[in-house]
Amino acid sequence: SKGTLYVPKVTTLCVINALVARGTALLRGGYGGGKTTLVKILGRMLTGMSLREIEDSMLRANPELTEEKIFARLHLGKLIQAGEEVVLWRSFSRSFWKIVDEVNRLSPSAQDALLSLIGEGRAKYFSHTYECRDFVLFATLNPRDVGTFELGLPFLDRFGICIPVLYPTFDEYVEISEAKDKYLYEETDETIPVFLSKKDLIIAWFLVSRIPLDDDAQLFISSLAKDISLCARAQKELGVFFEMGAVYPCRECKYNLPDSVCNKTLTPLSPRAIKDLVRYSKALAWLLGLEKVELGIVVTLAPYILWHRLFYPRPILEEFGFDIFAIASKIVELSFKNFMRRFSVLRTFERFSRGEVGEEAVLALKESAQGDIVLEEISRLVDKMITYGYSSIARRIFVLIENKKFDEINEILKEIQSLPTDIKYRLLRLLEKLLRRYKKSYVLSYKKLLEIVNNVPQLRIVAEKVLSNTRLIKERLSNTLIVEIYITSKEEDALCFVDLYGDINGIAKKIEEYI
């Protein structure tokens, strides 16, 4: 049923960080607010790890930390006696549930070392590499700490979500004063319930990733990204505005209006941020038991995904009292208003892109685009699409897929080879979207999956990949048939998910002969 569901904010945001593969969360707040304690207890509840194991693997940041103290050390005995370079990886590198306490105390070189782990899933020491394929990472940050180093934007961008942890309200302070003395009544493995194991959590990652996005949610994400990133004067991603120092670059710009979004930040929204907004929105939708990610989920989560990644102009910081979360929330609020104002135009453009309507439907777009930096860019794109006959080709693809005439698609694919790369790519992307309307899914054991890929002729092409360390296999078996295979582990009874899209009837019958 529809309605409002109230959930504990900080705890829920921490939980959804654990529900995305390699989730990375930054908990920002004052000292003594319970940030580290919370993530230790959640680690026990969501993985079954002991508190001692979690505590021993936690990285306590300080300016003296080096790669050797973070990731690994050499076996001195073997190095001295035999000159053999044997690496002993530290518990932080090996742990599934990783915690970095007071990450703001890490020196720039230590931040760079951690960047590789967060971004690539690899811990590096000398010429050796440790593959950290599966992990959940939390880092705490106290911005008022005297030992704080500046955290660079590339480093901050690696954190999928940033969670503000505020001090308690009046009533909560009353509860705290009445609580038992934690030094007499410590939490233990016996007092903390365990709900999941590491294996369960990894399976949840795959279930979360399969949650679809509502069309309106997809449109809003694109609109938000463009609202933030577009600029009439420069390419924000080139860092031009950083070179201008204290000069506010938006003065006398026609888009420098109170309700504009582009003038609220000097940096664009990275593609990584967009992916994280999708991933964490899927996690929240799954946690709430929704069948798809609805627009409200994305709008609610967006400030937590954005606020630590952007660089704000001085006048905007002063206007909001240097409350950067409030600025990010305002950006999302204004972008949502812009989205609702553009909604009918964006929907028409989307239908035009899918081949559902012709060129006449987007003729009014030019009038609507005046004074709107996002719609002006779309208008230029529409002009190019019309120039190269996109509409008629898209319409033909739409009609063929709608009527399941898959065998006639090959002819169209030959025709579009001479088109500009961006137009051709857009048509190929349309084809894949339309093929995904026809879907069949199977949940199999890894043992059964091996049997099927070795006996169904069309799937033999992926047999080698199924045996490799690849976890997600996406293969286009033909121009109109796509298979995606998610492998949770290589144990015989491990769950695997197989999704077929497009012209699926023939291969589906073959698969079902073995089920």
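Above this note sits the structure.
Predicted model only: the values in this text are computed from it and were never measured.

Definitions and limits used
Residues numbered from 1 in each chain as written. Predicted model: local features only at pLDDT ≥ 70, side-chain atom pairs only at ≥ 80, totals over all residues. Heavy atoms only, no water. Pairing = 2+ DSSP bridges. Helix = DSSP H or I, 4+ residues; strand = E, 2+ residues; numbered from the N terminus. Patch = residues over 30% accessible without salt bridge, like charges linked within 9 Å, V, L, I, M, F, W, Y side chains within 5 Å. Areas by Shrake-Rupley, 256 points an atom, 1.4 Å probe, with all protein chains shown as cover. Salt bridge = Lys/Arg side-chain N within 4 Å of Asp/Glu carboxyl O. Buried < 20%, exposed > 50% of the residue type's maximum accessible area, 1.4 Å probe, protein only. Disulfide = S-S within 2.5 Å. Expected span 1.5 Å × (residues − 1). Contact = heavy atoms within 4.5 Å. Polar contact = N/O pair within 3.5 Å; in protein donor to acceptor, adjacent residues only side chain to side chain. Core = buried A, V, L, I, M, F, W, Y, C linked by side-chain atoms within 4.5 Å. Phe/Tyr/Trp six-rings, centres within 6.5 Å; stacked < 30°, edge-to-face > 60°. Lys NZ or Arg CZ within 6 Å of the ring centre and 35° of its normal. Axes fitted to C-alpha atoms, helices over the stretch in contact; angles between N-to-C directions. Parallel < 35°, antiparallel > 145°, perpendicular 65-115°, else oblique. Left-handed = near helix turned anticlockwise from the far one by under 90°.

## With respect to the sheet that holds strand E1 (residues 24-29)
Next, step 1: An order of E2-E5-E8-E1-E9 is seen for the five strands of this open sheet, with the pairing classed as parallel. Each of the sheet's edge strands pairs with one partner strand only, and the pair in question is strand E2 (59-60) and strand E9 (161-165).
Next, step 2: Pairing analysis gives four bridges linking strand E5 (residues 97-101) to strand E8 (residues 136-141), with the strands arranged parallel. Considered in E8, the bridge of tryptophan 97 is made with valine 136.

## Digging into a nonpolar patch on the surface
Next, step 1: On the surface, Val7, Leu207, Trp286, Leu287 and Leu288 cluster together into a nonpolar patch covering about 370 Å² of accessible area.
Next, step 2: By the element assignment, valine 7 lies in the segment before helix H1 (9-18).
Next, step 3: On the accessibility criterion, valine 7 (42% relative accessible area) is partly exposed.

## Observations concerning the state of the cysteines
Next, step 1: All chains considered together, the criterion is met by zero disulfides.
Next, step 2: Its sulfur unpaired, cysteine 253 is 6.2 Å from the next cysteine sulfur, which belongs to cysteine 262.
Next, step 3: According to the relative accessible area criterion, cysteine 253 is buried, its value standing at 18%.

## Here we look at helix H18 (residues 390-402)
Next, step 1: With 13 residues, H18 ought to run about 18 Å at 1.5 Å a step, and its terminal C-alpha atoms sit 18 Å apart, in line with that.
Next, step 2: Looking at the buried positions of H18, the neighbouring elements they touch are helix H15 (324-353), helix H17 (373-387), helix H19 (409-415) and helix H20 (421-435).
Next, step 3: Phi for lysine 404, located one or two positions after H18, is positive at around 55 degrees.

## Some words on the side chain of serine 270
Next, step 1: Relative to the helices and strands, serine 270 is located in the loop between helix H11 (215-229) and helix H12 (271-287).
Next, step 2: For serine 270, the side chain forms a polar contact with the side chain of aspartate 157, separated by 3.0 Å.
Next, step 3: In contact with serine 270, not counting residues within four places along its chain, are Asp157 and Arg309.

## Observations concerning the nonpolar core
Next, step 1: Core analysis: the largest hydrophobic core is formed by 145 residues, its most contacted members being Trp97 and Ile161.
Next, step 2: Among all residues touching tryptophan 97, those that are not within four sequence positions of it are Ala18, Val39, Leu42, Gly43, Leu46, Thr47, Met49, Ile54, Ser57, Val136, Phe138 and Leu201.
Next, step 3: Counting 24 residues, the second largest nonpolar core, distinct from the first, contains Tyr442, Leu444, Leu481 and Ile487.

## Some thoughts on the side chain of glutamate 432
Next, step 1: Relative to the assigned elements, glutamate 432 resides in helix H20.
Next, step 2: Ignoring sequence-local partners within four residues, the contact set of glutamate 432 consists of Lys474, Arg476 and Ile482.

## Digging into the pairing of E9
Next, step 1: For E9, the tally of buried residues reaches five of five residues, placing the bulk of the element in the interior.
Next, step 2: When E1 meets E9, the two strands line up parallel, connected through five bridges. Bridging from a neighbouring strand, glycine 29 pairs with valine 165 of E9.

## Some details on the packing of aromatic side chains
Remark: the centre distance and the inter-plane angle together describe each pair of aromatic rings, the angle taken between the planes.
Next, step 1: Applying the stated criterion across every chain, the model contains 14 aromatic pairs.
Next, step 2: Ring pairs connect the aromatic residues Phe220, Phe336, Phe339 and Phe343, which therefore count as one cluster.
Next, step 3: When the ring centre of tyrosine 185 is taken as origin, the NZ or CZ atom of lysine 180, which lies over that ring, is 4.9 Å away.
Next, step 4: The ring of tyrosine 501 carries the charged tip of arginine 436 above its face, separated from the ring centre by 4.4 Å.

## Section: unusual backbone geometry
Leave glycine aside and you will find that most residues have negative phi; peptide bonds, for their part, are mostly trans.
Next, step 1: In this structure, arginine 22 takes a positive phi of about 50 degrees despite not being glycine.
Next, step 2: Looking at the element boundaries, arginine 22 is found in the loop between H1 and E1.
Next, step 3: The class for arginine 22 is partly exposed, based on a relative accessible area of 28%.
Next, step 4: The phi torsion at glutamate 102 lies on the positive side, around 60 degrees, for a residue other than glycine.
Next, step 5: On the secondary structure map, glutamate 102 appears in the loop between E5 and helix H7 (108-120).

## What to know about the sheet that holds strand E13 (residues 495-502)
Next, step 1: In space, the four strands of this open sheet follow the order E10-E13-E12-E11, with antiparallel pairing throughout. The sheet is open, and its two edges are formed by strand E10 (439-445) and strand E11 (472-478), each paired on a single side. The average angle at which neighbouring strand axes cross in this sheet is 15 degrees, direction not considered.
Next, step 2: Against the sheet, helix H10 (residues 198-209) contacts strand E12 (481-487) and E13, and its axis sits at roughly 15 degrees relative to E13.

## Section: the pattern of salt bridges
Next, step 1: Under the criterion given, the structure shown has 38 salt bridges.
Next, step 2: In this structure, the salt-bridge partner of aspartate 499 is arginine 210, at a minimum N-O distance of 2.8 Å. A residue pair is termed long-range when its members are at least 10 positions apart, and aspartate 499 in strand E13 and arginine 210 in the loop between H10 and H11 qualify at 289 residues.
Next, step 3: With its nearest N and O atoms 3.3 Å apart, the salt bridge here joins arginine 437 to glutamate 356. Taken together, the residues span a long stretch of sequence, with arginine 437 in the loop between H20 and E10 and glutamate 356 in the loop between H15 and helix H16 (365-369) at a distance of 81 residues.

## Quick look at the packing of H12 against helix H13 (residues 295-306)
Next, step 1: With their axes 9 Å apart at the nearest point, H12 and H13 run at an angle of 130 degrees to one another. Judged by the angle between their axes, H12 and H13 are oblique. Judged by the twist between their axes, the crossing of H12 over H13 is right-handed. Contact with H12, carried on its side by Ala273, Asp276, Leu277, Tyr280, Ser281 and Leu284, involves Ile297, Val298, Leu301, Ala302 and Ile305 of H13 and no other residues of that element.

## Observations regarding H12
Next, step 1: An ideal rise of 1.5 Å per residue puts 24 Å on 17 residues; H12 measures up with 25 Å between its terminal C-alpha atoms.
Next, step 2: Restricting attention to buried positions, one finds in H12 the residues Ala273, Asp276, Leu277, Val278, Tyr280, Ser281, Lys282, Ala283, Leu284 and Ala285.
Next, step 3: Its buried side turned inward, H12 meets H1, E1, E9, H10, H11 and H13.
Next, step 4: Immediately downstream of H12, the backbone of glycine 289 shows phi near 80 degrees, a positive value.

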